[in-house]
Amino acid sequence: MASPVEYSLPKRSSTMHSNLTRRTSMSDDEAIPDTDSSETTNLLLERLRAWKHMCGYLEDYVSATAKVSKSQSKDQEKILKTVSEPLKEGHHFSTSAGGVAGLFENIRSNAQGMVNMHLETEKNLKGSVLPTLERLHKEIKNKSKELSAGAAKGAKAVEKARQATQKHIELLGQNAATHDAAIGSKIETAHDPYILKRGINHRLNKQVIEENNHRQDILVVQNSFQEFEAHVLETVQGALDQFFQLMNGQLDRQRAMYTDILGNAKRIPADFEWVNFSMRNEASLVNPDGPLRSFASITYPNQDHKSTQPLIEGSLERRSRALIKGYSTGYYVVTPAGYLHELKGDDDFKKDPTPELSLYLPDCIVGAIDGVKFNVKGKDVSSGKVGNAFHTNTELSFKAHTPNDAEKWWTVIKDATRGPTHAAPVAAAAAPQAVASPTVASPTAASPTAASPVATSPVATSPTAAAATIPATATPPTYSEKEKQPEGAAATSSTTVTTPTVEKGATSPTVGVSRSASTASHFHTAPGGSAVE
């Protein structure tokens, strides 16, 4: 009986000494290895997914950078709007190059350049860097599809062959056990252990061929991964190099723009704007070589109006309302408006000349003169309307420095009680000769007329007083006073001013007073007949 032919199964070849192949070689003696034929394929597919996600991260990074560049362009437009309007009061700056106006033109130009630069960066990132990464992403996807379509198909074929082999091995085991249990029993032809063994050899050989083919396919793909990954990294490096060139160029341009703004500002000479401004406004600016203003040379309307000239002014002593204090010296003035004012002094510059005391003389009563003393009874009106309402009539006692001064003050004050003074021209016929001693005009004294005969006192009449006119309605009634002739006054050395006494039937009674002239007077006659210190 011929011996059965023994078939030699094909041996697996090992071309790669890796952990995977070593692990596979350990199961070479087994008909159905424990290893998963798709394990390597799944591992490589997972690696491709990792590369694909890495590429997606870079795409997102570049896309976000492009969006930020576009957003920065809009932000730069907001910055540009802050200087887009012309400078307020821009006429104060020179319009020529090299000044502040030129600086802002430079700022606007560079700000617009930054707007365009960020838009250009966004355009370049989306037009060059991002497409490179997107193409690489597609290559990785295609590599995954290729691996899934090729290696996965081979893995399925291996699994199918292994299942067929396993089925026959199990069938052989069943029939071999049947043969041992019942010797002499008939076994079906198809289940003959001999035939089954031969069928196992056939299927196992086919399985080994499929496994080896699949292994070769995996090796090809596995070996190509090193080259493919090198290609992926080179593509990523190229894309990032483009990215760097764009962003670094943007930063260089931005730095250059800011440097240009700073340089433009530093090139403006310190006196550039002021010199040009001074030249444009030479007529309006103060001339440093011009003279200072002098108060003495200044004139203003009504500066010399007759109402501003005092009838008499100077120092007088007034008894305090508190009797224990006695007399105190003050500066007094009688104005054409009919007021007797008490002031701090005659200095208008040191302090505002606000009256300390003001008497409206037409509302006052003047007492008789007694040597250097005389009294005035009236109400102080120096306060406001509210303050004046609480003031009552008070008799104020004045004292001049000399009897002659007292006469002058008394005369002017007495005349002022008849109302505001209006200077009257002095007729040439009324003053046939000059008077040597100073006199005080009595603006309200009237010369006799044919319509109202007036009797004069036996005392000599002053030419100045005789030349004045008394308004018929301007003189208020007065009470009788006792007049005294100053002691020691010589009849031959005095100039007497006599106010006419109106006889019965006249409308303005006056009191005649004999006054003595003194060379020690503190006053002089102002234009218009006023006595001024």
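In what follows, the structure referred to is the one given above.
Residues numbered from 1 in each chain as written. Predicted model: local features only at pLDDT ≥ 70, side-chain atom pairs only at ≥ 80, totals over all residues. Heavy atoms only, no water.

> Lay out the overall build of the protein chain in plain terms, naming residues and giving numbers.
Helix and strand counts for the protein chain come out as 8 helices and 9 strands. Counting contacts in the protein chain only where the partners sit at least 6 residues apart, residues at least 24 apart contribute 70% of the total. (Helix = DSSP H or I, 4+ residues; strand = E, 2+ residues; numbered from the N terminus. Contact = heavy atoms within 4.5 Å.)

> An account of the packing of helix α2 (residues 39–82) against helix α4 (residues 193–266) is needed here, citing residue identities and associated values.
Each pair of packed helices can be described by the angle between their axes along with the distance between the axes. Orientation of α2 relative to α4, taken along the N-to-C sense of each, is 10°, at an axis distance of 11 Å. When the interaxial angle is binned, α2 and α4 end up roughly parallel. The crossing of α2 and α4 is left-handed. Residues of the contact of α2 with α4, tallied by class, amount to 18 nonpolar, 9 polar and 2 charged. (Axes fitted to C-alpha atoms, helices over the stretch in contact; angles between N-to-C directions. Parallel < 35°, antiparallel > 145°, perpendicular 65-115°, else oblique. Left-handed = near helix turned anticlockwise from the far one by under 90°. Nonpolar A, V, L, I, M, F, W, Y, C, P; charged D, E, K, R; others polar.)

> Any details on a negative patch on the surface? Residues and values, ideally.
Together, D346, D347, D348 and D352 give the surface a local cluster of negative charge. Inspection of the secondary structure assignment puts D347 in the loop between β3 (339–343) and β4 (357–360). (Patch = residues over 30% accessible without salt bridge, like charges linked within 9 Å, V, L, I, M, F, W, Y side chains within 5 Å. Areas by Shrake-Rupley, 256 points an atom, 1.4 Å probe, with all protein chains shown as cover. Salt bridge = Lys/Arg side-chain N within 4 Å of Asp/Glu carboxyl O. Lys, Arg positive; Asp, Glu negative; His and termini not counted. Charge placed at Lys NZ, Arg CZ, Asp CG, Glu CD.)

> Please give an account of the pattern of salt bridges that cites residues and values.
Summed over all chains, the structure comprises 9 salt bridges. Between R162 and E211 there is a salt bridge, and its shortest N-O distance comes to 2.4 Å. Pair noted here: R162 is in helix α3 (residues 100–181) and E211 is in helix α4, with a separation of 49 residues, a long-range link. Put simply, K399 and E317 hold a salt bridge, and the shortest N to O gap is 3.8 Å. Of this pair, K399 sits in strand β7 (residues 394–399) while E317 sits in strand β1 (residues 312–319); the two residues are 82 residues apart in sequence, bridging distant segments of the chain. We classify K399 as partly exposed; its relative accessible area is 21%. (Buried < 20%, exposed > 50% of the residue type's maximum accessible area, 1.4 Å probe, protein only.)

> Give me the environment of A64: which residues, what numbers.
Along the chain, the position of A64 falls in helix α2. Take A64: its relative accessible area is 38%, and that puts it in the partly exposed class. Along the backbone, A64 and E122 are 58 residues apart, and their C-alpha atoms lie at a distance of 9.8 Å.

> Tell me what's going on with the pairing of β1, and back it up with residues and numbers.
Counting buried positions along β1 gives 7 out of 8 residues, so the element sits mostly inside the fold. Inspection of the sheet shows β1 paired to strand β2 (residues 327–334) by 8 bridges, in the antiparallel sense. Within β2, the position partnered with R319 by the bridge is Y327. Pairing geometry for β1 and β7, over 2 bridges, is antiparallel. Bridging across to β7, E317 finds its partner in K399. (Pairing = 2+ DSSP bridges.)

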